[in-house]
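# Remarks on the overall topology
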Amino acid sequence: MPPRSLATRSGSIDLSRPALVGILNATPDSFSDGGACLDPGHAAAVAAEMVAEGASALDLGAESTRPGAIPVSTEEELRRLLPVLRRVRAAVPVPLSVDTRKTRVAAAAIEAGADVINDVSAGRFDGGMLELCGRTGTPIVLMHMQGEPATMQHAPRYADVVAEVISFLRERAAAAATAGVIPERIILDPGIGFGKTAADNFRLLAALDAVAALGYPVLVGVSRKRFLGPDREPGERIFGTAAAVAWAAAHGAQLLRVHDVRAMAEVVAVTGAIIGA
Ligand code: HH2
């Protein structure tokens, strides 16, 4: 039985229907919306709009992890993140997750009101991340990634991508539990686009039920990604995103991380109604 809700300090996220996590990037270089939300006032307005359009939670990031992205220092990440996080926290009541691989950034974010940590390295980048989440009772997203953002798309290789991702996620969930994170606060993510070919991404989506069968809420991030239309600009991949979001929601993804909340709210409303029927 999949979990029906995810409890956070700012209230529960209802998982009985597919829930949308709106993406807010306080970065100058994100692949589809770089620069859009560096300004705290503008970020707060975008956050309020996303919530009005149907986002159940928001994910704030201050370091791009797109293929080829240049890593940023802890100081720079904090300088970008904290003013935006504080303004967004004051503007919207929904749970806020913070997309970071750094324990110091996560600790400051939790102090400033973050409810969930979204770590694309699944606690491998920086020591102490899992312990921090365990100690503070903060839910954590554990995502699969092969390699590092700077080079991960150079030559992704798997003998069996589905088996490897599942075994990785199982191992990281066990590591989080050992560090004191209770199972109800662990969310798994197959890491679509992170060290994967287009064929790997499609295979993982096709096998998503097996990821959901691990028993934790599953988050999937397909929004505007390259494999959905390599010849199009990111903003032109909305229909492809809709197809992948509908599929993922129908195959066990309870949290969908998306840029286009209004459009994807329609997609998950219909998909959720079909699942519920
Ligand atoms: N995708 C991106 C960033 N963070 N986190 C999780 N858990 N899952 C994802 O699929 C995921 C993620 C990439 O998207 P975006 O934030 O739009 O781009 P960038 O990393 O360039 O800021």
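The structure this text deals with has already been given above.
Please read all numbers here as calculations on a predicted model, not as lab measurements.

### A word on helix H3 (residues 103-111)
Here H3 has its buried residues at Thr103, Val105, Ala106, Ala109 and Ile110. For H3, the angular spread of buried residues about the axis comes to 160°, placing them on one side. For H3, the exposed residues lying more than 90 degrees away from the buried face are Arg104 and Glu111. In this structure, the buried residues of H3 make contact with helix H2 (74-91), strand S5 (96-99), strand S6 (116-119) and helix H4 (129-136).

### Some details on empty space enclosed by the protein
One pass over the full model with this rule turns up one cavity of 30 Å³ or more. Considering only enclosed or pocket space, the largest cavity measures out at about 110 Å³ in volume. Taken together, 15 residues form the lining of the largest cavity, with Val21, Ser97, Val116, Val141 and Leu219 sitting closest to its centre. Of all elements in the fold, only strand S4 (57-61), S5, S6 and strand S10 (253-258) reach the threshold of two or more residues within the lining of the largest cavity. Considered class by class, the residues forming the lining of the largest cavity number eleven nonpolar, two polar and two charged.

### As for the site of the ligand
Not every one of the 18 residues close to the ligand is listed here, only the nearest: Ser30, Ser64, Asp189, Lys225 and His259. Side-chain polar atom of Asp189 to a nitrogen atom of the ligand: 2.6 Å apart, as the coordinates give it. Residue Arg257 places a side-chain N or O atom 2.8 Å away from an oxygen atom belonging to the ligand. Considered on its own, the ligand offers 480 Å² of accessible surface; in the complex 99% of this is hidden by protein. More than half of the atoms belonging to the ligand lie within 2 Å of the grid points that define the largest pocket. The residue inventory of the shell around the ligand, partitioned by class, reads six nonpolar, seven polar and five charged.

### What about the packing of aromatic side chains?
Scanning the entire structure with this criterion turns up one aromatic pair. Aromatic side chains Phe202 and Phe227 sit 5.1 Å apart centroid to centroid with 65° between the ring planes, which places their arrangement in the edge-to-face category. Of the two residues, Phe202 sits in helix H6 (residues 198-206) while Phe227 sits in the loop between strand S9 (218-220) and helix H8 (238-250), which places them 25 residues apart along the sequence. Over the ring of Phe125 we find Arg101, and its NZ or CZ is 4.2 Å from the ring centre.

### A few points about the layout of surface pockets
Any empty space left between atoms is shown by rolling a water-sized probe over those atoms. By volume, the largest pocket is sized at about 600 Å³. Considering the residues around the largest pocket, the lining is formed by 33 residues, among which Phe31, Arg66, Pro67, Gly193 and Lys225 are closest to the centre. A per-class count over the lining of the largest pocket returns twelve nonpolar, twelve polar and nine charged. Counted as a void, the second largest pocket has a volume near 360 Å³. Lining of the second largest pocket is provided by 22 residues; of these, Pro2, Leu15, Gly252, Gln254 and Ile275 occupy positions nearest its centre. Of all the elements in the fold, those that place two or more residues in the lining of the second largest pocket are helix H7 (208-212), H8, S10 and helix H9 (261-276). Considering each element in turn, the lining of the second largest pocket owes the most residues, three residues, to H9. Looking at the lining of the second largest pocket residue by residue, the classes come out as twelve nonpolar, seven polar and three charged.

### What about the packing of H2 against H3?
Look at H2 against H3: their axes get within 10 Å of each other, and the N-to-C directions meet at 20°. In terms of their interaxial angle, H2 and H3 are classed as roughly parallel. Considering the relative orientation of H2 and H3, their crossing is right-handed. For the pair H2 and H3, contact is made by Thr74, Glu75, Glu77, Leu78, Leu81, Leu82 and Leu85 and by Arg104, Val105, Ala108 and Ala109, respectively. Residue classes in the contact of H2 with H3 are distributed as seven nonpolar, one polar and three charged.

### Brief notes about the packing of H3 against H4
The N-to-C vectors of H3 and H4 enclose an angle of 20°; their axes lie 9 Å apart at closest approach. Looking at the two axes, H3 sits roughly parallel to H4. In the crossing of H3 with H4, the sense of the turn from one axis to the other is right-handed. For the pair formed by H3 and H4, the contact residues are Thr103, Ala106, Ala107 and Ile110 on the first element and Met129, Leu132 and Thr136 on the second.

Calculation rules
What you see as residue numbers is a count from 1 along each chain, following the sequence as written. Local features are withheld for residues below a pLDDT of 70 in this predicted model, meaning they are given only at 70 or higher, and side-chain atom pairs are given and counted only at 80 or more; totals for whole chains, interfaces and linings count all residues. With hydrogens and water stripped out, all remaining heavy atoms of the structure feed into the side-chain values. Exposed residues in this analysis have more than 50% of their type's maximum accessible area, buried residues have under 20%, and partly exposed residues fall in between, with area computed by a 1.4 Å probe over protein chains only. The way it works is that DSSP assigns letters per residue, a run of H or I at least four long becomes a helix, a run of E at least two long becomes a strand, and they are numbered from the N terminus. To obtain the arc, one takes the directions from the helix axis to the C-beta atoms. The contact definition used throughout considers only heavy atoms, calling two residues in contact when any of these lie within 4.5 Å. In the cavity and pocket records, a cavity denotes points on a 1 Å grid over the protein atoms alone where a 1.4 Å probe fits but cannot get out, a pocket denotes an open set with protein on both sides within 12 Å along at least 5 of 7 lines, and lining residues are residues with an atom within 4 Å of a point. Grid points are joined across faces, edges and corners, and a volume is the space filled by probe spheres set on the points. Three classes are used: nonpolar for Ala, Val, Leu, Ile, Met, Phe, Trp, Tyr, Cys and Pro, charged for Asp, Glu, Lys and Arg, and polar for all others, with Gly counted as polar. Each residue is tested against the molecule or strand, and it is near if at least one of its non-hydrogen atoms lies within 4 Å. Polar contacts here mean pairs of N or O atoms no more than 3.5 Å apart (in protein, one a potential hydrogen donor and the other a potential acceptor; neighbouring residues in sequence count only if both atoms are side-chain atoms). Surface accessibility in these figures is a Shrake-Rupley result with a 1.4 Å probe; residues are shielded only by whichever protein chains are displayed. Assignment of a molecule to a cavity or pocket requires that more than half of its atoms lie within 2 Å of the corresponding grid points. Stacked, edge-to-face and tilted are the three classes for Phe, Tyr and Trp ring pairs, Trp counted by its six-membered ring, which pair at centre distances within 6.5 Å; planes under 30 degrees apart are stacked, over 60 edge-to-face, the rest tilted. Two conditions define a charge located above a ring, namely a distance within 6 Å from the ring centre to NZ of Lys or CZ of Arg, and an angle within 35 degrees of the ring normal. Fitting a line to C-alpha atoms yields each axis, with helices limited to the stretch in contact; the angle taken between N-to-C directions then spans 0 to 180 degrees. These descriptions rest on fixed angle ranges, namely under 35 degrees for roughly parallel, over 145 for roughly antiparallel, 65 to 115 for roughly perpendicular, and the rest for oblique. A crossing counts as left-handed when the near helix is turned anticlockwise from the far one by less than a right angle, and as right-handed when that turn is clockwise.

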